[in-house]
Amino acid sequence: FLSGAYYCSILSTLALTKWNNNMHPKENATEEKAKTWRLFAKILGPLEQVVSNRPDWKIHRETDTPVLMTFSKSEQLFYDVSEKDLDEFSSHRRAFFVFLAGSSQDVFIVPTRELRDHIESSGLTPSQEYEDYKLHLIRDYRGTYFRETPLLNLALFHNQYTQLL
């Protein structure tokens, strides 16, 4: 039989462990990207890294489908999108920006042209220092969108792997 103080101590430890696991999940960008790349390879076929110093940019050569993957921790949900990448990818018939929101289970697969069109129609300008767009993912009563492009309904692209086919 457990004493009251010992029982409370155990409950307290369990509650703290549960709080830590739920509120501060261990997020590893490398692991989550690797899981997502494996899934993409199963869907598309073999993917090649385009440039040696850019592991987040791969292409499926047979279909000329480039994919650029970016990760943000779930408590920050902030992404940088290079103006140069956006322009270059838009020249392909099919291309995707993949935004991981803390996990390989929480992925937004956005067609590049659609992303570019929304950025342009929102009147965004790239940062002068890095020539990129700063995008903040928002989830609220209005839906899921980037604060900077509120008309881009990201819920349509959430875990939508079928569009890669």
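Right, let's walk through the structure included here.

Cut-offs used in this document
- Residues numbered from 1 in each chain as written.
- Predicted model: local features only at pLDDT ≥ 70, side-chain atom pairs only at ≥ 80, totals over all residues.
- Heavy atoms only, no water.
- Core = buried A, V, L, I, M, F, W, Y, C linked by side-chain atoms within 4.5 Å.
- Buried < 20%, exposed > 50% of the residue type's maximum accessible area, 1.4 Å probe, protein only.
- Helix = DSSP H or I, 4+ residues; strand = E, 2+ residues; numbered from the N terminus.
- Contact = heavy atoms within 4.5 Å.
- Pairing = 2+ DSSP bridges.
- Axes fitted to C-alpha atoms, helices over the stretch in contact; angles between N-to-C directions.
- Parallel < 35°, antiparallel > 145°, perpendicular 65-115°, else oblique.
- Left-handed = near helix turned anticlockwise from the far one by under 90°.
- Expected span 1.5 Å × (residues − 1).
- Arc of directions from axis to C-beta.
- Polar contact = N/O pair within 3.5 Å; in protein donor to acceptor, adjacent residues only side chain to side chain.

### With respect to the nonpolar core
Burial of nonpolar side chains together is a common tendency in soluble globular proteins.
Okay, so step 1: Formed by 22 residues in total, the largest nonpolar core has its most connected members in Phe97, Phe99, Val110, Leu115, Phe146 and Leu154.
Okay, so step 2: Elements that contribute at least two residues to this core include exactly β4 (78-82), α3 (83-90), β5 (96-101), β6 (107-111), α4 (112-121) and β7 (132-140).
Okay, so step 3: The contacts of Leu115, once residues within four sequence positions are left out, are Val81, Leu86, Phe97, Phe99, Val110, Leu135, Phe146 and Leu152.
Okay, so step 4: Judged by nonpolar contacts, the second largest core, of 14 residues, contains Phe40, Met69, Phe71 and Leu164.

### A word on the pairing of β6
Regular strands place side chains that alternate from one sheet face to the opposite one.
Okay, so step 1: Burial runs high along β6: 4 of the 5 residues are buried.
Okay, so step 2: Two strands pair when backbone bridges link them, and β5 and β6 are joined in this way by 5 bridges, in the antiparallel orientation. Its bridge partner lying in β6, Phe99 is registered against Phe108.
Okay, so step 3: Connecting β5 to the next strand, β6, in antiparallel fashion are 5 residues, including Gly102 with a positive phi near 90°.

### Remarks on the packing of α3 against α4
Okay, so step 1: The contact between α3 and α4 brings their axes to 9 Å, and the two run at 130°. In terms of orientation, α3 and α4 fall into the oblique class. Relative to α4, the crossing made by α3 is left-handed. Where α3 approaches α4, its residues Leu86, Phe89 and Ser90 are matched on the opposing element by Thr112, Arg113, Leu115, Arg116 and Ile119.

### Observations concerning helix α2 (residues 29-44)
Okay, so step 1: For α2, which comprises 16 residues, the first-to-last C-alpha distance of 22 Å matches the rise-based estimate of 22 Å (1.5 Å per residue) to within 8%.
Okay, so step 2: Of the positions making up α2, those classed as buried are Glu32, Lys33, Thr36, Trp37, Phe40 and Leu44. For α2, the arc enclosing every buried residue in end-on projection is 135°, short of the 170-degree limit, so these residues lie on one face. With respect to the buried face of α2, the exposed residues turned more than 90 degrees away are Arg38 and Lys42.
Okay, so step 3: In this structure, the buried side of α2 is in contact with β2 (57-60), β3 (65-72), β5 and β6.
Okay, so step 4: N-capping of α2 is provided by Asn28, with a side-chain oxygen placed 3.0 Å from the backbone N of Thr30.
Okay, so step 5: Of the residues trailing α2, Gly45 is marked for its positive phi of about 110°.

### A closer look at the sheet that holds β7
In a beta sheet, neighbouring strands are held together by backbone hydrogen bonds and run either parallel or antiparallel to one another.
Okay, so step 1: Spatially, the 3 strands line up as an open sheet ordered β4-β7-β8, and their pairing is antiparallel. Every other strand in the sheet has two partners, leaving β4 and β8 (143-146) as the edge strands with one partner each. On average, each strand axis in the sheet is tilted by 25° relative to the strand beside it, whichever way the strands run.
Okay, so step 2: As paired strands, β4 and β7 are joined by 5 bridges and run antiparallel to one another. Each residue of the ladder has a partner; that of Ser82, found in β7, is Asp132.
Okay, so step 3: Packed onto the sheet, α3 meets β4 and β7 and runs at close to 60° relative to β4.

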